[in-house]
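# Working through the structure, step by step
Below are the chains, spelled out letter by letter.
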Amino acid sequence: EGISLARSEATEMGAVIEASQQKLYATLAITTAFIVVLLLLMHRCLVRPLQQIDSALTRLREEAPDLHLPPGSLHEIKAIEAAISQLHDVLQKHEESRGELERLAATDMLTGLNNRRQFMHIATGEVARSQRYGRPVTVALADLDHFKRINDTFGHAVGDQILQGFAALVGDTLRQTDRVCRYGGEEFAFVFPETAPDEAARLADRLRERLTAAPLLLADGRQVAVTFSIGLADASAGTLEEGLAQADRALYAAKERGRSCTVVAEPRRLQP
């Protein structure tokens with residue numbers, strides 16, 4: 001009887017242990033499922049949105065952030081999404097304004113050409129590059145002939161139209177690599193990269209011929225014929241300022257010859 005009783009109690013104990021194991025397995029399964037679901041929700045609603053926000057912030061200056069967070073994202077995350085979009089718009093407007101200010105700071109407002117400050121910056125770089133690689137570069141100064149007489153006869157409004165027309169003609173005639181600016185008043189400065197003075201003189205003559213063949217037509221039917229004089233100088237062996245000084249002397253010589261002509265400065269003689 002004792003043995004039978006012991007066996008009975010052992011059987012009951014085994015059943016209890018087995019039931020406890022099943023409950024433990026069920027509890028572990030439920031806990032594991034809960035943790036997995038919790039991790040998935042955290043990844044979907046928190047980790048992934050934060051990763052998208054980080055990626056959007058990284059490329060915020062380059063392009064519009066393509067940020068589409070899942071519908072179940074936290075309200076705070078959605079607020080960050082809206083703030084990033086607003087920040088991108090502000091940055092874009094700032095970049096556009098900065099670019100416009102830089103353009104205005106480098107441009108002559110009447111003609112749309114480079115102003116003197118911008119030209120000096122560009123031309124200095126071209127002269128330095130030509131000397132670094134042993135390549136030719138030519139600078140020039142041009143002056144519209146009898147421009148004061150035109151202003152006195154037809155008025156400053158007509159003078160402004162002539163300056164604008166000359167700037168447009170320069171843009172249509174010269175090469176894309178050539179740079180020109182309104183140097184002051186009716187005077188213009190040029191830099192011809194990769195160009196020797198004789199070749200630059202041919203470009204200047206072509207520009208003079210086109211200007212002579214295209215007189216300005218006024219509203220009352222009158223025509224205003226315009227010419228210009230230009231002096232050119234080799235700038236490959238000195239500073240930009242020295243080249244412009246030589247070009248200025250050549251321009252003065254062109255005026256002494258009767259205007260409407262091209263003069264190339266004599267090459268500088270090296271001191272012994």
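Here the structure is shown first, and the text comes after it.
First things first, this report covers the structure right here in the doc. (Residues numbered from 1 in each chain as written. Predicted model: local features only at pLDDT ≥ 70, side-chain atom pairs only at ≥ 80, totals over all residues. Heavy atoms only, no water.)

In this section: the nonpolar core. One finds Leu144, Phe166 and Phe190 to be the most contacted residues of the largest nonpolar core, which totals 30 residues. Listed by contribution, the elements that provide at least two residues to this core are strand S1 (137-144), helix H4 (147-154), helix H5 (156-173), strand S3 (187-193), helix H6 (197-212) and strand S6 (228-234). Residue contributions to this core peak at seven residues, all from H5. Counting 21 residues, the second-largest nonpolar core is a separate cluster that includes Val139, Leu141, Cys181 and Ala235. (Core = buried A, V, L, I, M, F, W, Y, C linked by side-chain atoms within 4.5 Å. Buried < 20%, exposed > 50% of the residue type's maximum accessible area, 1.4 Å probe, protein only. Helix = DSSP H or I, 4+ residues; strand = E, 2+ residues; numbered from the N terminus.)

Position of Gly134 relative to the elements: it lies in the loop between helix H3 (116-133) and S1. Relative accessible area serves as the criterion here: at 61%, Gly134 is assigned to the exposed category. In sequence terms Gly134 and Glu194 are 60 residues apart; their C-alpha atoms lie 9.8 Å from each other.

Further remarks concern the side chain of Glu126. Looking at the element boundaries, Glu126 is found in helix H3. Classification of Glu126 by relative accessible area gives buried; the value is 17%. Within polar-contact distance, the side chain of Glu126 engages the side chain of Arg129 at 3.2 Å. Excluding anything up to four places from it in sequence, Glu126 contacts Val191 and Pro193. (Polar contact = N/O pair within 3.5 Å; in protein donor to acceptor, adjacent residues only side chain to side chain. Contact = heavy atoms within 4.5 Å.)

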